[in-house]
Amino acid sequence: MSASPAVPSGSRRKDDDRDTPPPLPEPLRVAVADSHTHLDMQRGTVEEALRKAASVGVTTVVQVGCDVKGSRWAAETAAAYENIHAAVALHPNEAPRIVHGDPDGWSRQGARPGGGEAALDEALAEIEALAALDHVKAVGETGLDHFRTGPEGMAAQERSFRAHIEIAKRRGKALVIHDREAHADVLRVLREEGAPERTVFHCYSGDAEMARECTAAGYYMSFAGTVTFKNAAALREAVAVAPAELLLVETDAPYLTPAPYRGRPNAPYLIPLTVRAMAAARGIDEDAMATALAANTARAFAY
């Protein structure tokens, strides 16, 4: 095997930067909220994350649970910090693992056997108990994921989605939707079940036509760092056609880091980059965009 070529003095391999947090962006003049983040999956402490975010004008975050353990953590953390609100749920990919098992240990729960429908019922009951807490503002992220879950898991996934919709309605909470390559089926289930009064499409991934459908139904559309990507013209068109009062912004950190730092660790302090991309897509100044986003997030999550 030949030796790897030396890196010239003063230069670095591109991959060397992948674990380096991006620098702080220019602060926003109007404070906004990160409507969807996973602080429990990020580096550092909660205090550090909040301090960095506040320094650039991100003063509120919605901490989202993806399984029972993560939802408990979200609720506990929201109870401890005034500017953190919680969302609790079983992620669409978690429901099939509960029912059928996860022999590869793909999720953070590690390898585990299937528990059948009874195990799913038990997990859903705990999510409903958490959803009753005052500092839990939403039920989510729930929905459908046709990318990672195969046909054998679809029934459990859809059953879980329907149950979360009912929990949100019973508890008077917002519904936060994960929709990955499942637009038509997600919209169908919402029509069949009747959506809660406040429904948020997290990490909106549809096009302008779907944005019009969401608008007609009154659904909020939350945009992540993907809207900054070069190949995301359809997302920017959706931002442009959606009414300003239905737009939210998020990180989904540690995932979906906005350009020009795609592939590096994401965190709430990078929200300004996405806000500016959304403002550019609508042809408005960033202060107007931030003002709308702040008001919309408070209304969507009732805080």
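Quantities reported herein were computed from a predicted structural model and do not represent experimental measurements. Residue indices follow the written sequence of each chain, beginning from 1 at its first position. Two thresholds apply to this predicted model, a pLDDT of at least 70 for residue-level local features and 80 or more for giving and counting side-chain atom pairs, whereas whole-chain, interface and lining totals are computed over all residues. Side-chain metrics in this entry use all non-hydrogen atoms of the structure; hydrogen atoms and water are not considered.

### A word on the overall build of the chain
- In this description a helix means any DSSP run of H or I spanning at least four residues, a strand means any run of E spanning at least two, and both kinds are numbered starting from the N terminus. Helices and strands together make up the secondary structure of the chain, namely 10 helices and 10 strands.
- Each radius of gyration reported is based on C-alpha atoms, and the globular scaling rule is 2.2 Å times the count of residues to the power 0.38. A compact globule built from 303 residues should have a C-alpha radius of gyration of about 19 Å, and the chain, at 19 Å, falls within 12% of that.
- Here the term buried applies to any residue with accessible area under 20% of the maximum for its type, exposed to any over 50%, and partly exposed to those in between, with areas from a 1.4 Å probe on protein chains only. Taking all 303 residues of the chain together, 53% fall into the buried category.
- It only takes one pair of heavy atoms within 4.5 Å for two residues to be counted as in contact. Sequence-distant contacts, at least 24 apart, represent 72% of the contacts inside the chain between residues at least 6 apart.

### Some points on the layout of surface pockets
- A 1.4 Å probe that fits but cannot get out identifies a cavity on a 1 Å grid over protein atoms alone, an open set with protein on both sides within 12 Å along at least five of seven lines counts as a pocket, and a residue lines either if it has an atom within 4 Å of a point. Grid points are joined across faces, edges and corners, and a volume is the space filled by probe spheres set on the points. Roughly 850 Å³ of volume is contained in the largest pocket.
- Lining the largest pocket are 28 residues, with His91, His178, Arg180, Asp252 and Tyr255 sitting closest to its centre.
- Among the elements that line the lining of the largest pocket, the one with the most residues is strand β7 (residues 174-180), at three residues.
- Class assignment for the residues of the lining of the largest pocket results in eight nonpolar, nine polar and 11 charged. Residues are grouped as follows: Ala, Val, Leu, Ile, Met, Phe, Trp, Tyr, Cys and Pro are nonpolar; Asp, Glu, Lys and Arg are charged; all remaining types, including Gly, are polar.

### Details of the pairing of strand β2 (residues 58-64)
- The buried fraction of β2 amounts to six of the seven residues, a majority that puts the element mostly inside the structure.
- Two strands pair if DSSP finds at least two bridges between them. Of the pairings in the sheet, the one linking strand β1 (residues 32-37) to β2 comprises four bridges and is parallel in character. Bridging from a neighbouring strand, Ala33 pairs with Thr60 of β2.
- A right-handed crossover is one whose linking path, passing over the helix from the first strand to the second, runs clockwise when the strands point away from the viewer. Crossover connection from β1 via helix α1 (residues 46-55) to parallel β2: handedness right-handed.
- Summarising the sheet, β2 and strand β3 (residues 84-88) pair through four bridges and their orientation is parallel. Paired with Val64 across the strands is Ala87, a residue of β3.
- The parallel pair β2 and β3, bridged by helix α2 (residues 68-80), forms a crossover whose chirality is right-handed.

### Description of the side chain of Lys137
- Inspection of the secondary structure puts Lys137 in strand β6 (residues 136-145).
- Summary of buried charges: Lys137 has no salt-bridge partner, and the nearest side chain of opposite charge, Asp134, is 6.8 Å away.
- N or O atoms closer than or at 3.5 Å make up a polar contact, with two conditions inside protein: a donor-capable atom paired with an acceptor-capable one, and, for residues adjacent in sequence, both atoms drawn from side chains. Within the structure, the side chain of Lys137 is placed 3.1 Å from the backbone oxygen of Asp134, a separation counted as a polar contact.
- Once you skip the residues sitting within four places of it in the chain, Lys137 turns out to touch His85, Ala86, Lys173, Ala174, Arg198, Phe301, Ala302 and Tyr303. Under the convention used here, Asp and Glu are negative, Lys and Arg are positive, and both His and the chain ends fall outside the count. Any Lys or Arg side-chain nitrogen located within 4 Å of an Asp or Glu carboxyl oxygen qualifies as a salt bridge.

### Concerning the nonpolar core
- Among the nonpolar cores identified, the biggest contains 84 residues, and Phe201, Tyr204 and Phe223 are the most heavily contacted of them.
- Among residues more than four places away in sequence, those in contact with Phe201 are Ile177, Asp179, Val186, Leu187, Leu190, Met210, Cys214, Tyr219, Tyr220, Met221 and Ser222. In these notes, a set of buried Ala, Val, Leu, Ile, Met, Phe, Trp, Tyr and Cys residues joined through side-chain atoms within 4.5 Å is what counts as a nonpolar core.

### Observations regarding empty space enclosed by the protein
- The tally for this structure, following the rule as stated, stands at one cavity of 30 Å³ or more.
- Approximately 30 Å³ is the volume attributed to the largest cavity.
- Every residue lining the largest cavity is listed: Gly225, Glu250, Thr251, Leu256, Pro258, Asn266, Leu270, Ile271 and Thr274.
- Taken together, the residues of the lining of the largest cavity sort by class into four nonpolar, four polar and one charged.

### Digging into unusual backbone geometry
- In the segment running from Ala253 into Pro254, the intervening peptide bond is cis, with an omega of 15°.
- Phi at Glu181 is positive, roughly 55°, even though this residue is not glycine.
- For Glu181, the position within the fold is in the loop between β7 and α6 (183-193).
- The phi angle at Asp252 is positive, at roughly 55°, despite the residue not being glycine.
- Looking at the secondary structure, you find Asp252 in the loop between β10 (247-249) and α9 (271-282).
- By relative accessible area, Asp252 is classed as buried at 10%.

### Some words on the sheet that holds β3
- Strand order in the open sheet formed by eight strands is β1-β2-β3-β6-β7-β8-β9-β10, and the pairing between neighbours is parallel. Of all the strands in the sheet, just β1 and β10 have a single pairing partner and so form its edges. If you compare each strand with its neighbour and ignore which way they point, the axes differ by 30° on average.
- Axes here refer to lines fitted to C-alpha atoms; in helices the fit is confined to the stretch in contact. Angles between the N-to-C directions go from 0 to 180 degrees. α9 contacts β1, β2, β9 (220-223) and β10 of the sheet and is inclined by roughly 150° relative to β10.
- Sheet strands touched by helix α10 (residues 286-301): β1, β2, β6, β7, β8 (199-201), β9 and β10. Its angle to β10, the strand with the most contacts, is close to 95°.

### Observations regarding the packing of α9 against α10
- Where α9 contacts α10, the axes come no closer than 9 Å and their chain directions differ by 110°. Taken together, the axes of α9 and α10 lie roughly perpendicular to each other. For the pair α9 and α10, the contacting residues are Val275, Arg276, Met278, Ala279 and Arg282 in the first and Glu286, Met289, Ala290 and Leu293 in the second.
- A breakdown of the residues in the contact of α9 with α10 according to their chemical character gives six nonpolar, no polar and three charged. Roughly parallel means an angle under 35 degrees; roughly antiparallel means over 145; roughly perpendicular covers 65 to 115; every other angle is labelled oblique.

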